[in-house]
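Architecture and fold: a report
Listed below, chain by chain, are the residues.
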Amino acid sequence: MLNRSREVTCPTCSGTNFWKGNPEPTSALHCRYCDNFVITYDEYIRNAIQHEAEQLLAQFTEARTADDLAYLKRVLAAPEQRLSA
């Protein structure tokens with residue numbers, strides 16, 4: 001399901017980097033090859049969850065998953081607009 005490898009590719013040099021231990025949300029990952037900033041752990045988790053959600057939506061629909069995910073976020077953010085069962 002969720003990609004737990006925590007492998008991150010540097011956007012500058014394309015080097016493969018990994019989180020060590022149990023990082024804090026504000027922990028910054030710097031490339032081990034070029035020392036450039038890559039991403040914070042919080043951003044990494046948000047990106048991973050969004051990617052997984054888009055893949056799951058794509059498995060069950062033929063619609064545009066980015067639009068579906070934006071709609072799902074709006075509905076979940078406004079519980080008063082949900083249908084009552």
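The preceding data block contains the structure.
First things first, this report covers the structure right here in the doc. Every value quoted in this text rests on a predicted model; they were computed, and no experiment measured them. (Residues numbered from 1 in each chain as written. Predicted model: local features only at pLDDT ≥ 70, side-chain atom pairs only at ≥ 80, totals over all residues. Heavy atoms only, no water.)

Core analysis: the biggest nonpolar cluster contains 9 residues, these being V8, C10, W19, L29, C31, V38, I39, Y41 and Y44. Elements with a minimum of two residues in this core: β4 (37–40) and α1 (41–60). Those residues in contact with V38 that lie beyond four places of it in its chain are V8, T9, C10, P11, N17, L29, H30 and C31. (Core = buried A, V, L, I, M, F, W, Y, C linked by side-chain atoms within 4.5 Å. Buried < 20%, exposed > 50% of the residue type's maximum accessible area, 1.4 Å probe, protein only. Helix = DSSP H or I, 4+ residues; strand = E, 2+ residues; numbered from the N terminus. Contact = heavy atoms within 4.5 Å.)

This paragraph deals with α1. For an α-helix, 3.6 residues make a turn, and residues three or four places apart therefore share a direction. Taking 1.5 Å per residue as the helical rise, α1 with its 20 residues ought to reach 28 Å, and the 29 Å between its terminal C-alpha atoms agrees with that figure. Three or more residues of α1 are buried, namely Y41, Y44, A48 and E52. With its buried residues spanning 65° around the axis, α1 presents them on a single face. Opposite the packed face of α1, turned more than 90 degrees from it, sit the exposed residues R46 and F60. Of the surrounding elements, those touching the buried residues of α1 are β1 (7–9) and β4. (Expected span 1.5 Å × (residues − 1). Arc of directions from axis to C-beta.)

Time to look at the state of the cysteines. If you walk through the whole model with that rule in mind, you get 0 disulfides. Cysteine C10 shares no disulfide, and the gap to the nearest cysteine sulfur, in C34, comes to 3.7 Å. Classification of C10 by relative accessible area gives buried; the value is 2%. C13 provides the cysteine sulfur closest to C31, a residue in no disulfide bond, and the two sulfurs are 3.5 Å apart. A relative accessible area of 1% places C31 in the buried class. (Disulfide = S-S within 2.5 Å.)

Remember, this is a structural readout, not a statement about activity or role.
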